Amino acid sequence: MAITFDKLIRPAAGTDYRQPTRHRKLGLGIAVLGVALATITLIANFVAGDLLAQGEEASGILAWSFGLTTLAFGTVKFGVAIILVGIVVRLWLRVESVEAALPDLVGANPSTEIRAGEVDTDYGVATVAAGSSNPLPIHRMARTLWAPMLAMGAMAVIAGFFISLGWANTGDTTAAAWTQGLQFLGEAFLLSGVSFLLASILGTLRDGGGRIQEGLGLPVLTLKMPMTAKLFIALMATGLMLGIFQFVAYLALAANGTDVAAGFAWLGPIRELSLGLLLSGIVLALATIGNALGFQLNRLREIVAAGR
């Protein structure tokens, strides 16, 4: 299965790097759909607010609009994920095009003396080796799990929305617990899928950069994992575990049926903390990607200018 998923983020042989991929348009279209769903919930909540102001019942509207709001957020996240898949594909095309063009730009007698060890760079400590480094465990995990996480997240969010329709019709607290727990589990899975795609981007930068340097017979400089990347992994794992915990806790509330209101009160912040930690990890992943891109650009300039 990992090989199958890897094919989704690797361009087919002979792909023209000048041709745009379909991921951008598809991702933007899905994101626009998510915004449209959010707009519907905005109107629905205005209506509910007006009914409540008149002393009328609006709990049914608030129930299904809650499910639709969460579905809208999940739809936008799925659109982001599709665009990230396209970015990974473009990065591999970039690696292949640089591999083809760079030998003609390097000096006729590039330096091949390799002194293994570590060096300080403007972008952090880098290792020096004769060949490419093996993929890190997080990169292997990311290439295996990004697709299942997105699929499970989408299914959980959609299922929660349909349960919210039953909640709207019956007002049942069991349906309310299932809706909230399941949908926010789905949101956590979707953000984890996005996080794994960002980790795949980092893995592509690492593997592709090493492959290019090794192909030229030059010392392979590879950035060591920075603190931002380590914190990214920690925040992602903690956020995902909290997302699973809140789901289990909501199910326990639904089965118990006592003191549901108090349970909802403390589970709400926990589910939001789960998403907040995952989003914070994504911020750190983006910062790490920016640093890695800067390192690779500097390394390419060094290879072209000095042939070493």
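See the structure printed just above.
This report concerns the structure included in the present document.

Rules behind the numbers
Residues numbered from 1 in each chain as written. Predicted model: local features only at pLDDT ≥ 70, side-chain atom pairs only at ≥ 80, totals over all residues. Heavy atoms only, no water. Axes fitted to C-alpha atoms, helices over the stretch in contact; angles between N-to-C directions. Helix = DSSP H or I, 4+ residues; strand = E, 2+ residues; numbered from the N terminus. Parallel < 35°, antiparallel > 145°, perpendicular 65-115°, else oblique. Left-handed = near helix turned anticlockwise from the far one by under 90°. Nonpolar A, V, L, I, M, F, W, Y, C, P; charged D, E, K, R; others polar. Phe/Tyr/Trp six-rings, centres within 6.5 Å; stacked < 30°, edge-to-face > 60°. Lys NZ or Arg CZ within 6 Å of the ring centre and 35° of its normal. Pairing = 2+ DSSP bridges. Contact = heavy atoms within 4.5 Å. Expected span 1.5 Å × (residues − 1). Buried < 20%, exposed > 50% of the residue type's maximum accessible area, 1.4 Å probe, protein only. Core = buried A, V, L, I, M, F, W, Y, C linked by side-chain atoms within 4.5 Å. Salt bridge = Lys/Arg side-chain N within 4 Å of Asp/Glu carboxyl O.

**Considerations on the packing of helix 5 (residues 173–215) against helix 6 (residues 227–256)**
Logical step 1: Interaxial distance between helix 5 and helix 6 falls to 8 Å at its minimum, and their mutual angle equals 165°. Classified by the angle between their axes, helix 5 and helix 6 sit roughly antiparallel to one another. Crossing hand, helix 5 versus helix 6: left-handed.
Logical step 2: Split into classes, the residues belonging to the contact of helix 5 with helix 6 amount to 17 nonpolar, seven polar and no charged.

**Let's talk about the packing of aromatic side chains**
Logical step 1: Tallying each qualifying case throughout the model produces five aromatic pairs.
Logical step 2: Each ring, one from Y250 and one from F264, has its centre 5.7 Å from the other, and the planes form 55°; the classification is tilted. Of this pair, Y250 sits in helix 6 while F264 sits in helix 7 (residues 260–306), placing them 14 residues apart in sequence.
Logical step 3: One cation-aromatic arrangement involves R271 over F184; the distance from NZ or CZ to the ring centre is 4.3 Å.

**Here we look at the sheet that holds strand 3 (residues 220–223)**
Logical step 1: Pairing within the open sheet is antiparallel, and its three strands lie in the order 1-2-3. Bordering the open sheet on either side are strand 1 (117–121) and strand 3, each of which pairs with just one other strand. The mean angle between the axes of side-by-side strands here comes to 35°, regardless of whether they run parallel or antiparallel.
Logical step 2: This element, helix 7, spans strand 1, strand 2 (124–129) and strand 3 of the sheet and lies at about 160° to strand 3.

**Here's the deal with helix 6**
Logical step 1: Taking 1.5 Å per residue as the helical rise, helix 6 with its 30 residues ought to reach 44 Å, and the 43 Å between its terminal C-alpha atoms agrees with that figure.
Logical step 2: For helix 6, the set of buried residues is A229, F232, M236, G239, L240, G243, Q246, F247, A249, Y250, L253 and A254.

**Considerations on the packing of helix 4 (residues 137–170) against helix 5**
Logical step 1: Two numbers describe how helix 4 lies on helix 5: the axes approach to 6 Å, and their chain directions differ by 160°. Considered as vectors, helix 4 and helix 5 are oriented roughly antiparallel to each other. Regarding helix 4 and helix 5, the two cross each other, and that crossing is left-handed.

**Overview of the pairing of strand 1**
Logical step 1: In the sheet, strand 1 pairs with strand 2 via five bridges, with the strands oriented antiparallel. Looking across to strand 2, one finds that V119 is bridged to A126.
Logical step 2: The hairpin formed by strand 1 and strand 2 contains two residues between the paired strands.

**Description of the nonpolar core**
Taken as a class, soluble globular proteins show a tendency for nonpolar side chains to be buried jointly.
Logical step 1: W146, F196, L197, L198 and I201 are the most contacted members of the largest nonpolar core, which totals 53 residues.
Logical step 2: Broken down by secondary-structure element, the contributors of at least two residues to this core are helix 3 (59–105), helix 4, helix 5, helix 6 and helix 7.
Logical step 3: With 16 residues, the top contributor of residues to this core is helix 5.
Logical step 4: With seven residues, the next largest nonpolar core counts A177, A249, L253 and L267 among its residues.

**A word on helix 2 (residues 23–53)**
Logical step 1: Taking 1.5 Å per residue, 31 residues should reach 45 Å; helix 2 reaches 45 Å between its end C-alpha atoms and fits that length.
Logical step 2: Along helix 2, the residues that are buried comprise G27, I30, A31, G34, L37, T41, A44, A48 and L51.
Logical step 3: Looking one or two residues beyond helix 2, the residue adopting positive phi is G55, at roughly 80°.

**Describing the environment of L267**
Logical step 1: Considering the arrangement of structural elements, one finds L267 in helix 7.
Logical step 2: When the C-alpha atoms of L267 and F247 are compared, they prove to be 9.2 Å apart, with 20 residues separating the residues in sequence.
Logical step 3: In this view, L267 contacts Q246, A249, Y250 and L253; residues no more than four positions away in its chain are not counted.

**Thoughts on the side chain of T222**
Logical step 1: Mapping T222 onto the fold places it in strand 3.
Logical step 2: A relative accessible area of 8% places T222 in the buried class.
Logical step 3: Sequence-distant contacts of T222, that is, excluding residues within four places in its chain, are made with V125, A126, T127, S133, R206 and F295.

**Comments concerning the pattern of salt bridges**
Logical step 1: Counted under the stated rule, the structure contains five salt bridges.
Logical step 2: Between E187 and K77 there is a salt bridge, and its shortest N-O distance comes to 2.7 Å. Placement of E187 in helix 5 and of K77 in helix 3 is noted, with a sequence separation of 110 residues between them.
Logical step 3: Among the ionic pairs, E302 bridges to R299, the shortest N-O distance being 2.7 Å. On the criterion of helical spacing, the pair formed by E302 and R299 is a turn pair, its members being three residues apart in helix 7.
Logical step 4: Note on E302: relative accessible area 25%, which makes it partly exposed.

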